[in-house]
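Below are the chains, spelled out letter by letter.
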Amino acid sequence: MSRKIYVFDTTLRDGEQVPGAKLNLEEKLDIAVQIAKCKVDMMEVGFPSSSQGDFEAVKAISKKIGQDICIAALGRAVESDIDSIYQSIRDAQNPLIHIVLGSSEVHVAKKFRKTPEQVIEMGAAAVKYAKKYLPQVQYSLEDASRSDFEYMWKTIEAVVKAGATIINIPDTVGFAVPEQFGQLIYRMNDRLKNLDPKVLLSVHCHNDTGLATANTLAAVRNGADKVECTINGIGERAGNTSLEEVVMGIKLHEDYYGGHTTIETRKIYETSRMVSATMGLDVQVNKAITGENAFAHSSGIHQDGLLKSKDVYEIMDPQTVGAPPMEIVLTARSGRHAFLHVINRLGFEIQEEHVPEIFQKFLSMADQKKEIYDNDILDLFENCTNVKSISCKELWKLEEYQIMATGTLPTATVKLVKGKKEVVTSNTGSGVIDALYSSIIDAVQYSIELIDYRIHNLGRGKGSLGKVTTQIRYQDKMYYGKAIEQDVMKASALAFINAVNKIILEEE
Ligand code: KIV
Ligand code: ZN
């Protein structure tokens, strides 16, 4: 069995430092509960001496989830910060005091204006003070990647002697490069394990040059016992190491890294969406593991290969991270193989001799709309006598919709059809999308939860197209629905209906 790599999530501390991402108490609790579902080993949930609000939040989280998970909070190497940390995390079963103090020359000389020896004394005294409260104390050498190695080692000897149980090596300013950072961790780990094999070596990397994940993985390869990271890689400036990337990197290459994590990877995707929506921070579409396009394939060559065998272009099953299944996105670059696959999935068949003509129609539609979704295919086949339905499953279509956004009662009415069935429903809501989606849910009569809703404009100016992406949860599974229209309300309705139709297509 390979060694265990501990995962320390700092979404609610470093992640919450992102401008505009400030959370209230309820939101922090919700996020903490969600992240706990990923079974992280430790969770850093705030900087209690920074404000009364942060103190209360750390205390509330410690009470709520502190029985199941190690709760950490951060402070400077001063007694008043350590007092606040202890008071805020003491209700947790397994609390951890995290102390940070700079170790680079710029920090020592310019920030603290102290001698290197004075800073070491300050760090060791802080650890000693913290140990009066709790057995577990983590010491971070801020700006470690720009610090002198022998000076860091002197600091580590002093703080381990004072009782530190975890030594954290941060690349605070995202300056490190993987090979050098890996070597640094190798040397550090070698000495640390000789000094005291029970002390864990941890890393905390920032993403200023896009290398946070690479640096963290290099550290794991070179002996780091613990990784600090955040959901979606959020954090100060360009962010932190993203939890999902490091965890999946280790999982895919367990032999290479000689380690494994015990993260519940199937919870990653919903946690990513939840954190993104609560903090109002979009996940970039091409973000590794959790981006909207992470499992979407649009090139004709790739689509053809995938349809022959998934492993041609898929290195992990999207379900491993709880993401919706692999998606074939139809565009003007898609070939016939992908087109015929999608229409078969929707329950249609085209006679061989009519394929070229219908494929041409599809291509001209794709040139106009950029991406073609299920509702577009249903429209394309409307009144088309050369297309045969081969499925007993009928799909929902949007026949009409009306939205009233005036006054205090936003209202939506939809008329949906499914085969011969026709349903008209109306609802008010807290906003037009709420009203619209409530009406669709009433019409289709599925117990659906909306997980995510996003609008993007494609193109520029007033005439640009609106692309809507929705994600819904039905019986613990995620479904994507997307649509592109000039009218974003119509696109919103169609995207939702496309997701509902995916449920129907998947049902036995
Ligand atoms: O980036 C950093 O150095 C930190 C420390 C508190 C670990 O966030
Ligand atoms: Zn940081």
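As a reminder, the structure under discussion sits directly above these lines.
Residues numbered from 1 in each chain as written. Chains lettered and ligands numbered in written order. Predicted model: local features only at pLDDT ≥ 70, side-chain atom pairs only at ≥ 80, totals over all residues. Heavy atoms only, no water.

Notes on a nonpolar patch on the surface
So, point 1. A contiguous nonpolar patch, built from I301, V312 and Y313 and spanning about 290 Å² of accessible area, is present on the exposed surface.
So, point 2. The residue I301 is located in helix α12 (residues 300-308) in this model.
So, point 3. I301 sits in the exposed class, given a relative accessible area of 66%. (Patch = residues over 30% accessible without salt bridge, like charges linked within 9 Å, V, L, I, M, F, W, Y side chains within 5 Å. Areas by Shrake-Rupley, 256 points an atom, 1.4 Å probe, with all protein chains shown as cover. Salt bridge = Lys/Arg side-chain N within 4 Å of Asp/Glu carboxyl O. Helix = DSSP H or I, 4+ residues; strand = E, 2+ residues; numbered from the N terminus. Buried < 20%, exposed > 50% of the residue type's maximum accessible area, 1.4 Å probe, protein only.)

A few points about the packing of helix α7 (residues 178-195) against helix α8 (residues 212-221)
The relative placement of two packed helices is expressed as an angle between their axes plus a distance between the axes.
So, point 1. Remark: α7 packs on α8, axes separated minimally by 8 Å, with the N-to-C direction vectors making an angle of 35 degrees. Crossing geometry of α7 relative to α8 is assigned as right-handed. Facing P178, F181, G182 and I185 of α7, the residues of α8 in contact are A214, N215, A218 and A219.
So, point 2. The residue makeup of the contact of α7 with α8, split by class, is six nonpolar, two polar and no charged. (Axes fitted to C-alpha atoms, helices over the stretch in contact; angles between N-to-C directions. Left-handed = near helix turned anticlockwise from the far one by under 90°. Contact = heavy atoms within 4.5 Å. Nonpolar A, V, L, I, M, F, W, Y, C, P; charged D, E, K, R; others polar.)

Comments concerning the site of ligand 1
So, point 1. R13, D14, L74, V100, S140, E142, N168, P170, T172, H204 and H206 make up every residue found near ligand 1.
So, point 2. Between ligand 1 and R13, the relevant distance is 2.9 Å, taken from an oxygen atom to a side-chain nitrogen or oxygen of the residue.
So, point 3. Between ligand 1 and H206, the relevant distance is 3.0 Å, taken from an oxygen atom to a side-chain nitrogen or oxygen of the residue.
So, point 4. Contact with the protein chains removes 93% of the 260 Å² of surface that ligand 1 exposes when unbound.
So, point 5. Mapped onto the shell around ligand 1, the elements with two or more residues apiece are β6 (137-142) and β7 (166-171).
So, point 6. Among the residues forming the shell around ligand 1, the class breakdown is three nonpolar, five polar and three charged. (Near = heavy atom within 4 Å. Polar contact = N/O pair within 3.5 Å; in protein donor to acceptor, adjacent residues only side chain to side chain.)

Focus on the sheet that holds strand β18 (residues 449-458)
So, point 1. In spatial order, the strands read β18-β19-β20; together these three strands make up an open sheet with antiparallel pairing. Both outer strands of the open sheet, β18 and β20 (477-485), are each paired with one neighbouring strand and no more. On average, adjacent strands in this sheet sit at an angle of 15 degrees to one another, irrespective of strand direction.
So, point 2. Relative to strand β19 (residues 465-474), β18 is paired through nine bridges, and the arrangement is antiparallel. Bridging across to β19, R454 finds its partner in T469.
So, point 3. Most of the contacts of helix α17 (residues 488-506) go to β20, to which it runs at about 145 degrees, and overall it touches β18, β19 and β20. (Pairing = 2+ DSSP bridges.)

Details of the coordination of the zinc ion (ligand 2)
So, point 1. Protein coordination at the zinc ion (ligand 2) comes from D14 (OD), H204 (NE2) and H206 (NE2), with a distance range of 2.0 to 2.1 Å.
So, point 2. All donors of the zinc ion (ligand 2) belong to a single chain; written as a sequence motif, their spacing is D-x189-H-x1-H. Neither H204 nor H206 differs from the other in exposure class; each is buried. (Donors = N, O, S within 2.8 Å, 3.2 Å for Na, K, Ca; no water.)

Observations regarding the sheet that holds β6
So, point 1. Around the barrel, which closes on itself, the eight strands sit in the order β2-β3-β4-β5-β6-β7-β8-β9 with parallel pairing between neighbours. For this sheet, the mean angle separating the axes of adjacent strands, direction not counted, is 25 degrees.
So, point 2. Of the strand pairs in this sheet, β7 and strand β8 (residues 200-205) are connected by six bridges, and their pairing is parallel. Residue pairing across strands places P170 opposite H204, the latter belonging to β8.
So, point 3. The sheet strands contacting helix α6 (residues 149-162) are β6 and β7, and the helix crosses β6 at an angle near 165 degrees.

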